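Chain by chain, the residues run as shown.
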Amino acid sequence: MVHILEGPTYDIIPQLKKKYEVDTLDFVFIDHWKDKYKPDTQLLEKCNLLRKGSVILADNVIIPGAPDFLEYVRNCGRYDCTNYPSMLEYMNEKDALEKAVFRG
Ligand SMILES: C[S@@+](CC[C@H](N)C(=O)[O-])C[C@H]1O[C@@H](n2cnc3c(N)ncnc32)[C@H](O)[C@@H]1O
């Protein structure tokens, strides 16, 4: 069963625990506005929605790019990161996904 929650991340994420009875997240696919990747990752942390092994997979980290997110997850010491090169859809341009596994 899939439960779709409509709304901006900054509204939905803080409601997940109490309103939607989410304990922690196993997998988070991030594919919205690129300047929101870092603050939303930090909001997930602040709301205690990540557990050891929670996987964040972020798309298009090269084009349009999310450099502040990459700098954060790779250097804050809380994630094990792997970069997966890809091609931008419909274009002959190099892009990538970043997998960040929360260390707990
Ligand atoms: C590149 S689309 C990707 C959508 C989907 N992942 C897909 O592949 O079809 C990005 C979407 O994120 C939405 N978006 C941007 N900022 C958001 C936010 N803070 N909260 C929720 N959605 C947001 C945009 O309106 C847009 O529909």
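As recorded in an unreviewed UniProt entry, the protein goes by the name catechol O-methyltransferase, listed as coming from Pelobates cultripes. What the UniProt record of the protein gives under Sequence similarities (unreviewed entry) is the line "Belongs to the class I-like SAM-binding methyltransferase superfamily. Cation-dependent O-methyltransferase family."

Trainee: Help me understand the sheet that holds strand β4 (residues 94-102) in this model?
Mentor: Hydrogen bonds along the backbone pair up the strands of a sheet, which may run parallel or antiparallel. Read across the open sheet, the 4 strands follow the order β1-β2-β4-β3; overall the sheet is mixed. One side of each edge strand has no neighbouring strand; the edge strands of this open sheet are β1 (25-30) and β3 (79-87). Geometrically, the sheet is characterised by an average inter-axis angle of 15 degrees between neighbouring strands, direction not taken into account. Looking at chain direction, β3 and β4 are connected through 9 bridges and run antiparallel. Along β4, the bridge assignment pairs N83 with E98. Helix α2 (residues 37-46) rests against β1, β2 (50-58), β3 and β4 of the sheet, and its axis sits at about 165 degrees to β2.

Trainee: How do you make sense of the pattern of salt bridges when you look at a structure like this?
Mentor: A pair can form between side chains of opposite charge whenever their charged atoms are brought close. For the structure shown, the criterion picks out 7 salt bridges. With a closest N to O distance of 2.6 Å, D26 and R51 form a salt bridge. In this pair, D26 sits in strand β1 while R51 sits in strand β2, placing the two residues 25 residues apart along the sequence. Of the residues examined, R51 reaches a relative accessible area of 29% and is grouped as partly exposed.

Trainee: Please explain the side chain of N60 as it appears in this structure.
Mentor: Looking at the element boundaries, N60 is found in the loop between β2 and α3 (61-65). Residue N60 is classed as buried on the basis of its relative accessible area, which comes to 7%. Of the polar contacts made by the side chain of N60, one reaches the side chain of K34; its length is 3.5 Å. The contact partners of N60, leaving out residues within four places of it in the chain, are D31, K34, G65, A66, L88, E89, D95 and A96.

Trainee: Please explain the pairing of β1 as it appears in this structure.
Mentor: With 5 bridges joining them, β1 and β2 adopt parallel strand pairing. Bridge pairing in β2 places V28 opposite I56. A crossover connection joins β1 to the parallel β2 through α2; in handedness this β-α-β unit is right-handed.

Trainee: Could you clarify how one ought to interpret the site of the ligand in this entry?
Mentor: Around the ligand, a shell composed of G7, P8, T9, D31, H32 and W33 is seen. Here a nitrogen atom of the ligand sits 2.9 Å away from a polar atom, N or O, in the main chain of T9. For the ligand, a nitrogen atom lies 2.8 Å from a polar atom in the side chain of D31. Its free accessible area being 600 Å², the ligand has 47% of it covered by the protein chains.

Conventions we followed
Residues numbered from 1 in each chain as written. Predicted model: local features only at pLDDT ≥ 70, side-chain atom pairs only at ≥ 80, totals over all residues. Heavy atoms only, no water. UniProt positions renumbered as here; feature names shortened; annotations may be inferred. Pairing = 2+ DSSP bridges. Helix = DSSP H or I, 4+ residues; strand = E, 2+ residues; numbered from the N terminus. Axes fitted to C-alpha atoms, helices over the stretch in contact; angles between N-to-C directions. Contact = heavy atoms within 4.5 Å. Salt bridge = Lys/Arg side-chain N within 4 Å of Asp/Glu carboxyl O. Buried < 20%, exposed > 50% of the residue type's maximum accessible area, 1.4 Å probe, protein only. Polar contact = N/O pair within 3.5 Å; in protein donor to acceptor, adjacent residues only side chain to side chain. Right-handed = clockwise from strand over helix to strand, strands pointing away. Near = heavy atom within 4 Å. Areas by Shrake-Rupley, 256 points an atom, 1.4 Å probe, with all protein chains shown as cover.

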